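Single-letter residue listing:
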Amino acid sequence: MPKSIQFKLLAWIIGTLLFILSMTGWYSYTSNKQIADEGYQLMQVQLTKRLSLSLASGFWQLDLEYIQDTLDAELLNEAVVAIKANDQQNISINRQIGQTGEPSSLELNNIPHHEDVLKVDIIYNNTALGYVEVFLTTEPFSKRIEKSLWEVITVQVIGIFFIGALLIYILHRYIFTPIKNLEKALFIARDLRVKEKYVLPDQRYLEWGTLVNGINDIIKKISLELTSRQQAEKNALIEKEYAEQAYNQLIETQDALIQVEKMAALGRLVAGIAHEISTPIGVTLTSASHLETATADLQHALATNQLKKSTLDEYLEVALDSTALILGNTKRAAHLIQSFKQVVVDQTNQSKREFSIQEYLNEIIHSLHPKLKLTAIKVNIECDQLILLNSYPGALSQVITNLVLNALLHAYEEHEKGEIHVTAQKHSDNRVIIKIYDDGKGITDDVIKKIFDPFFTTKQGQGKTGLGLHIVFNIVTQTLGGTINTASKVGEGTCFTLDIPMEAPSPKDSIP
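All residue numbers refer to positions counted from 1 along the written sequence of the respective chain. The predicted origin of the model limits local features to residues at a pLDDT of at least 70 and limits the giving and counting of side-chain atom pairs to 80 or more, whereas totals for whole chains, interfaces and linings rest on all residues. In computing side-chain values, all of the structure's heavy atoms are included and hydrogens and water are not.

(A) The overall build of the protein, seen in detail. Per the convention used, a helix needs a DSSP run of H or I reaching at least four residues, while a strand needs a run of E reaching at least two, with both numbered from the N terminus. Within the protein, the regular secondary structure consists of ten helices and twelve strands. To sort residues, take the accessible area from a 1.4 Å probe on protein chains only and compare it with the maximum for the residue type: under 20% means buried, over 50% means exposed, and anything in between is partly exposed. In the protein, which comprises 512 residues, the proportion classed as buried is 35%. Contact criterion: two residues are considered in contact whenever any of their non-hydrogen atoms come within 4.5 Å of each other. A sequence separation of at least 24 residues applies to 68% of the contacts in the protein between residues at least 6 apart. A total accessible area of about 32200 Å² is found for the protein, and carbon and sulfur atoms account for 58% of it. Each accessible area value is a Shrake-Rupley result obtained with a 1.4 Å probe; residue values ignore everything except the protein chains displayed when judging cover.

This is how it looks when you write it as structure tokens:
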């Protein structure tokens, strides 16, 4: 709970006044008490001297009336309550203050209430004549000290009340009231709205005047700032609308370019496969044509009865060679077509199914053979054949294809020898680590930070869109539900690491 400065300040002031006045009152009380004690001691000394001088002749002359008058005179002292005078002859005169306030006789064995006893020996010409017992009371001195103390307390209370009231008035008028005005102004400034104005009244005191002027300047600046901010918000809303339109157009353009890039990659794959199939198909056609010609010659020789054993042997040799060529090249073409069909179907359908990662990696690399045979780069696959994925083979095919082709394009110079390794191993019970790494020239630190950015390419102006690795990143993180990281050293090569689940997420569970 916050504490009030006003309360704390008033408490300190009143406490300080109480302390000062209490110390002053205590000093006055102790001084008065010391003076009273000294007066009491002085009174005893004086009383002793008077009695020893005045009663000596009375005891010597046995003037009882004189002794009684002397004792009655001492009873006028407010501290004396009774006096007993005794001589050596057992003469005793006892006097006290009566109920009427006048001196009266005191019975011999009666001792009045007292706080102190003063015994004075009466000596005349070195002869002990008797002694006097004076019974004293300190009550009058105590009453005077108590009265003085109450007077001091009364003066202190009045002084504290007066000084406190004066200080409270001064503090309220010259400090707390201006502070309240400043506080009010600050609250108004906090809730100030556009085009609203508020100005604190001028102060006639220099210190508060400076603060008031400062607060007024602050309020003025806040008002101007609010107006400026309102206009800036309007401009920002307009710019936001323009930016959203531009962003939507950019997304549409990016999606279109991604589709173009996908179709272009598929087109390059189709062209490579077509070129690769043309060779075994051409050999097959040539062998079939040669076999057809040899068969026609054999038929003609048989029809004209010119068939010889040597002619039949030559035909059988040609038939066997041609059949072997036709069969081998047909199988080669069929294998290429099957690999191509599987990869293309997977890339276009994006269906989820269970497959062996080793077999599928072999099919992907085999489909890239037309590209690979034009280079001096060798691709090695290391994978456990028991790893089964329930995922999207088309998405994985596109990722591996893009990464391998990206290595062929960027990691090596033309006709440079090298090796690309594709490995896959279980990371845990439900995850697989796939690595694609090369021994090429590597990637610099400033480039590796941007390789997954859309439209970023180091082959600017050479027909490259800069979307290949961006597509790879989106497929890995969204479709396959995994992560992809890159590590590279210049001159040593680059490694792409994919961490994907063995059970790919459903489309509704993938990252948007």
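That shown, we press on.
(B) Representation of the pattern of salt bridges within the structure. Salt bridges are counted wherever a side-chain nitrogen of Lys or Arg sits within 4 Å of a carboxyl oxygen of Asp or Glu. For the coordinates displayed, the defined rule picks out nine salt bridges. The shortest N-O distance in the salt bridge between E74 and R50 comes to 2.9 Å. Taken together, the residues span a long stretch of sequence, with E74 in helix α2 (residues 64-74) and R50 in helix α1 (residues 5-61) at a distance of 24 residues. Given the relative accessible area of 9%, E74 is considered buried. Notably, a salt bridge pairs K441 with E413, separated by 3.0 Å at the nearest N-O pair. In this pair, K441 sits in the loop between β10 (431-438) and α9 (445-448) while E413 sits in the loop between α8 (393-410) and β9 (418-428), placing the two residues 28 residues apart along the sequence. Relative accessible area serves as the criterion here: at 35%, K441 is assigned to the partly exposed category.

(C) Layout of the side chain of N77. As for its position among the elements, N77 is in the loop between α2 and β1 (80-87). The class of N77 is buried, set by a relative accessible area of 19%. Side-chain polar atoms of N77 contact the backbone nitrogen of A79, separated by 3.1 Å. Among residues more than four places away in sequence, those in contact with N77 are M43 and R50. As used in this structure description, the phrase polar contact means that two N or O atoms lie within 3.5 Å; if the pair is within protein, one of them must be able to donate a hydrogen and the other to accept it, and residues adjacent in sequence are counted only when both atoms belong to side chains.

(D) The arrangement of the sheet that holds strand β7 (residues 377-383) in detail. Think of it this way: DSSP has to see at least two bridges between two strands before they count as a pair. Reading across from one edge, β7-β9-β10-β12-β11 is the order of the five strands in this open sheet, with mixed pairing throughout. At either end of the open sheet lies a strand with only one pairing partner, and these are β7 and β11 (483-489). Across this sheet, the average inter-strand angle for adjacent strands is 15°, counted without regard to direction. Strand direction decides the pairing type here: β7 and β9, joined by seven bridges, are parallel. Considered in β9, the bridge of C383 is made with A424. Running at roughly 20° to β10, α8 makes contact with β7, β9, β10 and β12 (493-501) of the sheet. Think of each axis as a best-fit line through the C-alpha atoms, taken over the contacting stretch in the case of a helix, with angles from 0 to 180 degrees between the N-to-C directions.

(E) Structural context of the sheet that holds strand β5 (residues 127-136). If you walk across this open sheet you meet the five strands as β3-β2-β1-β5-β4, and the pairing is antiparallel. Looking at which strands have only one partner, the edges of the open sheet turn out to be β3 (103-105) and β4 (116-124). Along the sheet, successive strands turn relative to each other by an average axial angle of 20°, direction set aside. Pairing of β1 with β5, which is carried by seven bridges, proceeds in the antiparallel orientation.

(F) Molecular detail of the pairing of β9. Of the pairings in the sheet, the one linking β9 to β10 comprises eight bridges and is antiparallel in character. In the strand pairing of β10, I420 is matched with D438. Where β9 folds back onto β10 in an antiparallel hairpin, the turn is made up of two residues.

(G) Spatial organisation of the side chain of N380. Tracing the backbone through its elements, the reader meets N380 in strand β7. Given the relative accessible area of 17%, N380 is considered buried. Here E419 takes part through its side chain, which lies 3.4 Å from a polar atom of the side chain of N380. Once you skip the residues sitting within four places of it in the chain, N380 turns out to touch E419, I420, H421 and V422.

(H) The arrangement of the packing of α8 against helix α10 (residues 468-479) in detail. At a minimum axis distance of 9 Å, the contact between α8 and α10 shows a crossing angle of 150°. Accordingly, the angle class assigned to the pair α8 and α10 is roughly antiparallel. For the element pair α8 and α10, the recorded crossing hand is left-handed. Across the interface between the two elements, A395, Q398, V399, N402, L403 and N406 from α8 touch G468, L469, I471, V472, I475, V476 and T479 from α10. Any angle that falls under 35 degrees is termed roughly parallel, while one over 145 is termed roughly antiparallel, one within 65 to 115 roughly perpendicular, and all others oblique. In a left-handed crossing the near helix is turned counterclockwise from the far helix by less than a right angle, and in a right-handed crossing that turn is clockwise.

(I) Geometry of the packing of helix α6 (residues 357-367) against α8. At a minimum axis distance of 10 Å, the contact between α6 and α8 shows a crossing angle of 50°. Our classification of the angle between α6 and α8 gives oblique. Along this stretch, α6 crosses α8, giving a crossing that reads as right-handed. On α8, the residues touching Y360, L361, I364 and I365 of α6 are P393, G394, L396, S397, I400, T401 and V404.

(J) Layout of the environment of G394. Inspection of the secondary structure puts G394 in helix α8. C-alpha of G394 to C-alpha of K352: the two residues are 42 residues apart in sequence and 8.6 Å apart in space.

(K) Spatial organisation of the environment of T458. Tracing the sequence through the fold places T458 in the loop between α9 and α10. Residues T458 and V447, eleven residues apart in the sequence, show an inter-C-alpha distance of 8.5 Å. Here T458 is in contact with H410 and V447, once residues within four sequence places are set aside.

(L) Just the packing of aromatic side chains, in detail. Centres within 6.5 Å make a pair out of two Phe, Tyr or Trp rings, where for Trp the six-membered ring is used; the pair is then stacked when the planes are under 30 degrees apart, edge-to-face when over 60, and tilted otherwise. This structure, assessed with the given rule, holds three aromatic pairs. Taken together, a centroid distance of 5.2 Å and an interplanar angle of 50° make the contact between F355 and Y360 tilted. Its relative accessible area of 3% is what places Y360 among the buried residues. Measuring from centroid to centroid gives 6.5 Å for F452 and F496, while their planes differ by 75°, and the two rings are edge-to-face. A residue pair is termed long-range when its members are at least 10 positions apart, and F452 in the loop between α9 and α10 and F496 in strand β12 qualify at 44 residues. Residue F452 is classed as buried on the basis of its relative accessible area, which comes to 18%. Residue classification places F496 among the buried positions, given a relative accessible area of 5%. Ring pairs connect the aromatic residues F452, F473 and F496, which therefore count as one cluster. By the criterion adopted, a ring carries a charge over it if an Arg CZ or a Lys NZ lies within 6 Å of its centre and within 35 degrees of its normal. For K119, the ring lying beneath its charged end belongs to Y131, and the centroid distance is 4.8 Å.

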